[in-house]
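These are the residues of each chain, in order.
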Amino acid sequence: DRLRDAPVGHFYDVMTRGLGAMPDYAQQVPSEDRWAIAAYVKALQLSQHASIAELTQEDRGRVDARETGDRPRFSPAAPPERARRENRGLSPNPPNPGPKGPGH
C-alpha cells in the first residue's frame, strides 16, 4: 500500500538516485524515459486496483462484454511500435545493433 500511495515523482527519484541495493539509472536511462517509466508504473498500479465505479460508461461496457463473452463494442487498433515501446518505458528509438547484430 505504501508504494501504491507514493507520488509518481517517487519512482522517478528512485530511478535517478537509487534506493537501498538498487543502483541509480540516471546515466543509463534519459530523464524523459524515467518519467515515462514512472508514469507507466503508476498507471499499472491504478489499473490493478480500480473499482468498476471509477470507469467510464464505455469502459464498463467493455468489462461487461468480457465477463459475458460478448464482443466489445469498441476495439482499439494496436498501437504503432513507437507507442508500444514508449508504453513499456523504452526509448521510442531502439538502439542499432550494428552490422554483426546484438551480442557481438
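Below or above, wherever it landed, is the structure these notes cover. A quick note: this is a predicted structure, and the numbers were derived from the prediction, not measured.

## Looking at the environment of Tyr25
- For Tyr25, the location among the structural elements is in the loop between helix 1 (8-17) and helix 2 (31-48).
- On the basis of relative accessible area, Tyr25 is assigned to the partly exposed category, the value being 33%.
- Residues Tyr25 and Val14 lie eleven residues apart in sequence; the distance between their C-alpha atoms is 8.6 Å.
- Excluding its chain neighbours within four sequence positions, the residues that come into contact with Tyr25 are Met15, Thr16 and Arg34.

## Some details on the pattern of salt bridges
- Across all of its chains, the model carries three salt bridges by this definition.
- Across the salt bridge formed by Glu58 and Arg62, the nearest N and O atoms sit 3.4 Å from each other. Taken together, the positions of Glu58 and Arg62, both in helix 3 (residues 57-68) and four residues apart, correspond to about one turn of that helix.
- The exposure class assigned to Glu58 is partly exposed, which follows from its relative accessible area of 43%.

## Some details on the packing of aromatic side chains
- Across all of its chains, the model carries one aromatic pair by this definition.
- An angle of 10° between the planes, with centres 4.1 Å apart, marks the rings of Tyr12 and Trp35 as stacked. On the criterion of sequence distance, the pair formed by Tyr12 in helix 1 and Trp35 in helix 2 is long-range, its members being 23 residues apart.
- Its relative accessible area of 39% is what places Trp35 among the partly exposed residues.

Cut-offs and rules
Residues numbered from 1 in each chain as written. Predicted model: local features only at pLDDT ≥ 70, side-chain atom pairs only at ≥ 80, totals over all residues. Heavy atoms only, no water. Helix = DSSP H or I, 4+ residues; strand = E, 2+ residues; numbered from the N terminus. Buried < 20%, exposed > 50% of the residue type's maximum accessible area, 1.4 Å probe, protein only. Contact = heavy atoms within 4.5 Å. Salt bridge = Lys/Arg side-chain N within 4 Å of Asp/Glu carboxyl O. Phe/Tyr/Trp six-rings, centres within 6.5 Å; stacked < 30°, edge-to-face > 60°.

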